[in-house]
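# Coordinate analysis (summary)
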Amino acid sequence: MTQVTSTPYFSYSTAQPRTSRVRREKVEASRTLSGMLLAAVLSALLVVADQVIDTWVDGHMLAAWVALWTVAFAALALLAPPLRKVSSGLASIMATAVQSYKVRRMEEKMWEYAHHDPRIMAELQHAWLRSQSQI
């Protein structure tokens, strides 16, 4: 799908590829991010569980380890889907921010180039005037 972006100075279109390869890379990136978030949350839970079990157990090490790993696997089972949703949302927000930064940077480069080349500046001014007359 082609998206047309226009500014007061010029307009251009960007074609966004809709291939399965691009989707697969986004999914793999969000899975990696969700795995990292899951590991961080799980490690925090294990530290808290270890502290609780340390004060709770007076030498019953087997029971403590069973309780600790029960907490770990329960956290894995309960927190994986929400963290995957959060990480995919964060990945899409970051992708949007990167895309808008690229567009803004490209516009700044074009404007800087137009300051040095009067032909491009004239073209941008004519495009701006045409866009104002259409409104």
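Before any of the text, the structure's been laid out above.
Treat the numbers as computed from the prediction; the structure is a model and nothing was measured.

### Observations regarding the overall build of the chain
- Counting secondary structure elements, the chain contains three helices and two strands.
- Listing the helices and strands of the chain from first to last along the sequence gives β-β-α-α-α.
- Across the 135 residues that make up the chain, the buried fraction comes to 16%.
- Look at the contacts in the chain between residues 6 or more apart in sequence, and 54% of them connect residues 24 or more apart.

### A word on the environment of Ser43
- The topology assignment puts Ser43 in helix α1 (residues 20-56).
- The class for Ser43 is partly exposed, based on a relative accessible area of 39%.
- Ser43 sits 29 residues away from Ala72 along the chain, and the two C-alpha atoms are 8.6 Å apart.
- There is a polar contact of 2.8 Å between the side chain of Ser43 and the backbone oxygen of Ala40.

### A closer look at the packing of aromatic side chains
- Evaluated as defined, the whole model comprises one aromatic pair.
- Seen from their ring centres, Trp69 and Phe73 are 5.9 Å apart, and the 35 degrees between their planes marks the pair as tilted. A residue pair is termed a helical-turn pair when its members lie 3 or 4 positions apart in one helix, as Trp69 and Phe73 do in helix α2 (residues 61-116) at four residues.

Cut-offs and rules
Residues numbered from 1 in each chain as written. Predicted model: local features only at pLDDT ≥ 70, side-chain atom pairs only at ≥ 80, totals over all residues. Heavy atoms only, no water. Helix = DSSP H or I, 4+ residues; strand = E, 2+ residues; numbered from the N terminus. Buried < 20%, exposed > 50% of the residue type's maximum accessible area, 1.4 Å probe, protein only. Contact = heavy atoms within 4.5 Å. Polar contact = N/O pair within 3.5 Å; in protein donor to acceptor, adjacent residues only side chain to side chain. Phe/Tyr/Trp six-rings, centres within 6.5 Å; stacked < 30°, edge-to-face > 60°.

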